[in-house]
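So the chains spell out like this:
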Amino acid sequence: MKQFYVFIVVCFFALQAHSQVVIVKDLVTLEPLAGVVVESKDIKPVTTDAFGKADITAFQGKEIINFYLTGYESTTFSFNQIKAMESEVLLFQTSIFTEEVVVSASRFEEKKEDVAQQIQVINKNDLRFMNQQTTADVLQQSGNVMVQKSQQGGGSPIIRGMEANKVLMVVDGVRLNNAIYRGGHLQNIITLDNSIMDRIEIAYGPGSVVYGSDALGGVMHFYTRNPEYSSTDKLLTKGNAYVRTATANHEYSGHLDFNMGGQKFSSLTSVTYSAFDDLRAGDLRAPNYDSFGRRYFYVDRIAGKDSIIRNDNPNIQVGTAYKQYDVLQKFSFKQNANVQHQLNIQYSSSTDVPRYDRLSEGTINAPSQAVWHYGPQTRLLTSYNLMLNNKNKAYDNAKIILAYQGIEESRHNRGFNAANQSDRIENVTVLSLNADFQKQFKENEFRYGVELTSNDVQSTASKTNVNTGAVAFQNTRYPDGGSTMNSFALYATDSWEISEKLVLNAGARFSTIMLESTIDSTNFKIGVVNQGDTIDYYFLNNQTFKQNNSNVTGSLGLVFKPGHQWDIAALVSTGFRAPNVDDAGKLFEQPSGAILIPNPNLKPETSTNFSLRVDKTINKKVSIQTTGYYSMLNNMIAVDAAELDNSQGLPYDTILAGVVTNVNKDKAFIYGFSGQMDAKVNDFFSISSAINYTYGRIETTDGDKPLDHIPPVFGRTGLNLQLNKFRGEFYTMYNGWKRLKDYRLNAEDNEIYATADGMPAWYTLNIRTQYQINNYVQVQVACENLLNHHYRVFASGTSGAGRNLMVTLRARF
């Protein structure tokens, strides 16, 4: 018996001695790659684990061993070559994605080439290489999304000429758009931490069938990283960290994430902190616009008095500094092979964020504002995700997400030399349930689901005398008795693979949205100026406004693959956006001085859309993607004159003003074109370029007038280099002119923050690099706006960064 045990031990060590383990890494970052498929003829394929390792003992003697991972160039080695390379295989990221998988189109994985809708994916590697300060900046870098900024701490994406509450943001399957998303410019995207993103998918054009209201221009779906499980009995521990500094705004940022995973339970923790000083704009201005964007003065309160301070460096945009904190915690539990649970907690908060555009209004002798800032913007999201993968008659796969969101935002402003500061605070609570199911029927992938949401809005306000500290009444931004907005929706989509060359996409959705707002007479009152110049107060005595809007949307798309790597897709779809609390219940002072009052009789905005996408890949070296689109918009919500109790005007913060309200009055159309080209010159050098053109007009009895939110021509071109341990890119970003004749005046295009001729064309030259020092440490160096050009994105009230040197040190452990 003793000899038998000795024999077993000897055999064990003999097998170990002859076993061959390969580790597969990223060529540039040296990061181990999990999920790499290793295959050879007549041998069962193996897959690399979380450490990039795979046992290839069974491949011994093989002359052809293939390594394949989506997003990377596949490569082939012989067994002896792998041994000669000390069992280390390096893969490099491809610039031509021919088999990309997306989720945003249907909430389940499917081939991008089978989807009629135009979709762009920004993956984890590109996010890290972009190394942007905020998620808004990431979208701007995509080359296909324009981002408006009213202040440094913000960013409002514009997709196909639509912005704010007409584009939808989703994170980890949970919609972020809530009942107070407004139609102007939104800054909520900065509450999403791009440091912990796994990927971002941008679905261009209406997504109302799958996502419901607000998805008129497109859907931006943000996927944060998930905890990783261990594939062995050992606890899997890994983490990442970085510190970054930048010269244009004296940024200091730090990030740390840490993963612990067993075979059944895993955890991911992420923390990011960023501090941004006042942003310095570029100094090289277009001819005839030398003073454009210069900050000659700012206001400070000294010894109890508002004082005008001359700015020593007019390129420093005093009043743009802020700080931000982001935390994410995920727990995953794998009950068995078919059932998985996940708890997802996200929290974001900031310091006060100055509203730079409003602070810059006026002249050096007569500033408009002494104080104008958003209070700390906080976002808390907690969701429970149940993922089922057990085939039955009802579904093959299912995802159920129950989510809670708590949002607080506030506005604080005081005019120059004014005694009273207005403080308005909004708290929004959102509960939601998404249940999505997928079932395969031969050549059909059928998906269906249900969505329930509940928004509760509480609005408070006060007016504080900065000299005496006395607190007085102030009208709230939204009805002070509270508002609710609830929705229910059912949807179904089908992807039918008619043949290898033809795929049909179809879908429909029924939605009903109920809105209710209550005005409390003790707080919410409006003073009416009568003809005798006396003021009578009009009390909205506990009035409750109600709405109930139902809508059916649909889509029909056809994808044709004639061969030779052609992909042609035509899509017809409808979209809608139901009025929310901001549309129907807001009391607001317009920039013109008029007072916007509530209107409970609004109807949903709707759209009918057509698009044609043509993609061509040539010899797996050049990819050309083109999309043309046309949208007809109806019942668009716009501000119009109103009457209240036969009054001539309203006093609002001691200002006599006219009365206006939101109404459904406009019809409009938008059409445009986008093009994307990626060319692989060789295995290491590639070229990418994107360009976008949009045209939009409102139809009126006096002819077509400019529609707001329509960007000028814009795009991006980059030269990319990948070498062992090194990646570099030289790129340019550019915008065409937006002439004043193409502005929608006194609306959301903000002509007051442009020149007298409109917004000048601009371009920037930029370079960024990264070098992997060893398996654990990486350094990134970038210089943005090399020529120090002054530029301002269309409709923005703040200028872009001047020459900006960024240095980042990353580590993984």
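Relevant structure appears above.
The text that follows walks through the structure, step by step, so that each part is easy to find. (Residues numbered from 1 in each chain as written. Predicted model: local features only at pLDDT ≥ 70, side-chain atom pairs only at ≥ 80, totals over all residues. Heavy atoms only, no water.)

## Some points on the pairing of strand β3 (residues 43–47)
For step 1, the next point in the chain: Examined bridge by bridge, strand β2 (residues 37–40) and β3 share three bridges and lie antiparallel to one another. Considered in β3, the bridge of Ser40 is made with Ile43.
For step 2, the next point in the chain: The hairpin turn running from β2 into β3, its antiparallel successor, is two residues long, and Asp42 in that turn takes a positive phi close to 70 degrees. (Pairing = 2+ DSSP bridges. Helix = DSSP H or I, 4+ residues; strand = E, 2+ residues; numbered from the N terminus.)

## Some words on the sheet that holds strand β11 (residues 146–148)
For step 1, the next point in the chain: Strand order in the open sheet formed by three strands is β11-β12-β13, and the pairing between neighbours is antiparallel. Since the sheet does not close on itself, it has two edges, and those belong to β11 and β13 (162–163), each with one partner.
For step 2, the next point in the chain: Bridge count for strand β12 (residues 156–159) against β13 is two bridges, and the pairing is antiparallel. Paired with Ile158 across the bridge in β13 is Glu163.

## What to know about the nonpolar core
For step 1, the next point in the chain: Ranked by internal contacts, the top residues of the largest apolar core, which has 45 residues, are Leu139, Ile189, Ile200, Ile202, Met220, Phe222 and Leu707.
For step 2, the next point in the chain: Broken down by element, this core gets its largest block of residues, four residues, from strand β16 (residues 197–204).
For step 3, the next point in the chain: Apart from residues lying up to four places away in sequence, Leu707 is in contact with Leu633, Met636, Ala668, Phe669, Ile670, Gly696, Arg697, Ile698, Arg744 and Asp749.
For step 4, the next point in the chain: Formed by 17 residues, the second largest nonpolar core is a distinct cluster that contains Val22, Ala54, Ile56 and Leu69. (Core = buried A, V, L, I, M, F, W, Y, C linked by side-chain atoms within 4.5 Å. Buried < 20%, exposed > 50% of the residue type's maximum accessible area, 1.4 Å probe, protein only. Contact = heavy atoms within 4.5 Å.)

## A short note on the pattern of salt bridges
Side chains that differ in sign of charge can pair as their charged atoms come close.
For step 1, the next point in the chain: Scanning the model with the defined rule gives 43 salt bridges in all.
For step 2, the next point in the chain: Notably, a salt bridge pairs Arg414 with Asp306, separated by 2.8 Å at the nearest N-O pair. Taken together, the residues span a long stretch of sequence, with Arg414 in strand β30 (residues 397–415) and Asp306 in strand β23 (residues 305–310) at a distance of 108 residues.
For step 3, the next point in the chain: Since its relative accessible area comes to 5%, Asp306 is described here as buried.
For step 4, the next point in the chain: Between Glu451 and Arg509 there is a salt bridge whose closest N-O contact spans 2.8 Å. Of the two residues, Glu451 is situated in strand β32 (residues 444–465) and Arg509 in strand β35 (residues 502–518); the sequence distance between them amounts to 58 residues. (Salt bridge = Lys/Arg side-chain N within 4 Å of Asp/Glu carboxyl O.)

## Section: the pairing of strand β46 (residues 659–680)
For step 1, the next point in the chain: Burial analysis of β46 places 16 of its 22 residues in the buried class, which makes it a mostly covered element.
For step 2, the next point in the chain: Two elements, strand β41 (residues 595–597) and β46, share three bridges in a ladder whose sense is parallel. Within β46, the residue paired with Ile595 across the bridge is Val659.
For step 3, the next point in the chain: Bridge count for strand β43 (residues 622–641) against β46 is 18 bridges, and the pairing is antiparallel. In the sheet register, Ile637 faces β46, and the bridge partner there is Asn664.

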